Amino acid sequence: MSKEDIINLGHGSGGSMTRTLLDDVIFKTFSNPLLNQKHDGSILELKGKIAISTDSFVVSPIFFRGGNIGELAVNGTVNDVAMCGAQPKYLSLAFIVEEGLKIEEFIAIVNSIKATADRCGVEIVTGDTKVVERGKGDKIFINTTGVGVIHPKANISMERIKVGDKIVINGNIAQHGMAIMSQREGLEFESDIVSDTTNLNYIANELLDQFGDDVHLFRDATRGGVASVLSEIALDTGKGVYIEEKNLPIDKQVSAACEILGLDPLYVANEGVFLAVVDQSVATEVLRQMQTNQKAKNSMCIGEITQSNSKKVVMESVIGGKRIVTPLIGEQLPRIC
């Protein structure tokens, strides 16, 4: 493999090789009036309250069944902004690339970022690229920061959650984590499990359009899975959370893979799953609307907020017993997003 086929330290020097990489790959791919100014930042026009979120992605492997680190970086930050009750509009994009990454892999990631950003309706408006020596990174790390305008009907806050609120989930859990684990060395097994990575901004926006103030909280269940989100709700509100295991949507293959690896799917990462805590008066309508959306066709009402069992998550099992769902301790699946 020649030097022309891989990223090397010269690409991060700030000189002619950097300029060539930026012009031929970054600016060419993401061309838009804001980015084409080629400033160190970008001047944006936004009206109303805004939401901003930043995230870094260090997933291994960088290409996995159902996606890659680039697609994940866009969806992840877009979803974080959407969970604030905002419609994402702009993203910053920063790469930390390890010397030796194949140019063709870098281009594939960049192209995936462009395609995903287009699907989400966001523009890449500023960014950065750095190159580190071999052994000082792991192929590529990506940071994205998203900015969006708050929906006029949004009033998303942990403080608005009250006893009786229903908890609705949009789809099958543990897909992303098990897609990653199925490819890792020593853990491979035959399956067609694919990551659920996708953007959730449009479905969140639709729910706010129709139900507005009756939507009390959105939260995507990424690292730490559904269990971690539910635990945060219980701890931060001081109320109880009750869920029913029979209502948790999960693919049979994913469930079997979790069992083989000794993993609890409640704690496995997702990249296309979110929870909506809504007023009980609209829960049935919320569920019905979500199930009409392809990205939420497996939606279920999994539980409710209770006065009892303060600061605890209680799950009723399929056989009728009850157990406390504790917060995740340590890292169950490292380098998952």
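Coordinates for the structure precede this section.
Heads up: these notes are all about the structure in this document. Predicted model, so just to flag it, every value in this text is computed and none were measured.

Let's talk about the pattern of salt bridges
In step 1: Throughout the structure, instances matching the rule amount to 13 salt bridges.
In step 2: Between aspartate 128 and lysine 130 there is a salt bridge, and its shortest N-O distance comes to 2.6 Å.
In step 3: For aspartate 128, a relative accessible area of 36% corresponds to the partly exposed category.
In step 4: Residue arginine 323 is joined to aspartate 264 by a salt bridge in which the shortest nitrogen-to-oxygen separation is 3.1 Å. On the criterion of sequence distance, the pair formed by arginine 323 in strand β13 (residues 322-325) and aspartate 264 in the loop between α7 (252-261) and β10 (274-278) is long-range, its members being 59 residues apart.
In step 5: Aspartate 264 gets classed as partly exposed once you look at its relative accessible area, which sits at 23%.

Describing the sheet that holds β10
In step 1: Here we have 7 strands laid out as an open sheet, ordered β8-β10-β7-β11-β9-β12-β13, and mixed in their pairing. Two strands in the sheet have a free side with no partner beyond their single neighbour: β8 (215-220) and β13. Neighbour-to-neighbour, the strand axes of the sheet open up by a mean angle of 25°, direction not taken into account.
In step 2: Relative to strand β11 (residues 300-306), strand β7 (residues 166-169) runs antiparallel, the two sharing 4 bridges. Its bridge partner lying in β11, isoleucine 167 is registered against glycine 303.

What about the environment of isoleucine 173?
In step 1: By secondary structure assignment, the location of isoleucine 173 is in the loop between β7 and α4 (175-181).
In step 2: It is 5.3 Å that separates the C-alpha atoms of isoleucine 173 and isoleucine 250, two residues lying 77 residues apart in sequence.

Details of helix α6 (residues 225-237)
In step 1: Between its first and last C-alpha atoms α6 spans 19 Å; for 13 residues at 1.5 Å apiece the expected length is 18 Å, and the two agree.
In step 2: The buried fraction of α6 is high, at 10 of 13 residues.
In step 3: When α6 is considered as a whole, its buried residues turn out to be Gly225, Val226, Ala227, Ser228, Val229, Leu230, Ser231, Ile233, Ala234 and Thr237.
In step 4: At the C-terminal side of α6, glycine 238 shows a positive phi close to 75°.

Considerations on the pairing of β13
In step 1: In terms of strand pairing, strand β12 (residues 313-316) meets β13 through 4 bridges, oriented antiparallel. Looking at β13, one finds that valine 314 is bridged to isoleucine 324.
In step 2: What sits between the antiparallel neighbours β12 and β13 is a turn of 5 residues, in which glycine 320 has the positive phi angle 100°.

Section: the packing of helix α5 (residues 201-211) against helix α8 (residues 283-290)
In step 1: Running from N to C, α5 and α8 point in directions that differ by 140°, and their axes come no closer than 11 Å. In the packing of α5 onto α8, the handedness of the crossing is right-handed. Taking contact as the criterion, the partners of Ile203, Glu206, Leu207, Gln210 and Phe211 in α5 are, on α8, Glu285, Val286, Gln289 and Met290.
In step 2: Here the contact of α5 with α8 is composed, by residue class, of 5 nonpolar, 2 polar and 2 charged.

So, how was this worked out
Residues numbered from 1 in each chain as written. Predicted model: local features only at pLDDT ≥ 70, side-chain atom pairs only at ≥ 80, totals over all residues. Heavy atoms only, no water. Salt bridge = Lys/Arg side-chain N within 4 Å of Asp/Glu carboxyl O. Buried < 20%, exposed > 50% of the residue type's maximum accessible area, 1.4 Å probe, protein only. Helix = DSSP H or I, 4+ residues; strand = E, 2+ residues; numbered from the N terminus. Pairing = 2+ DSSP bridges. Axes fitted to C-alpha atoms, helices over the stretch in contact; angles between N-to-C directions. Expected span 1.5 Å × (residues − 1). Left-handed = near helix turned anticlockwise from the far one by under 90°. Contact = heavy atoms within 4.5 Å. Nonpolar A, V, L, I, M, F, W, Y, C, P; charged D, E, K, R; others polar.

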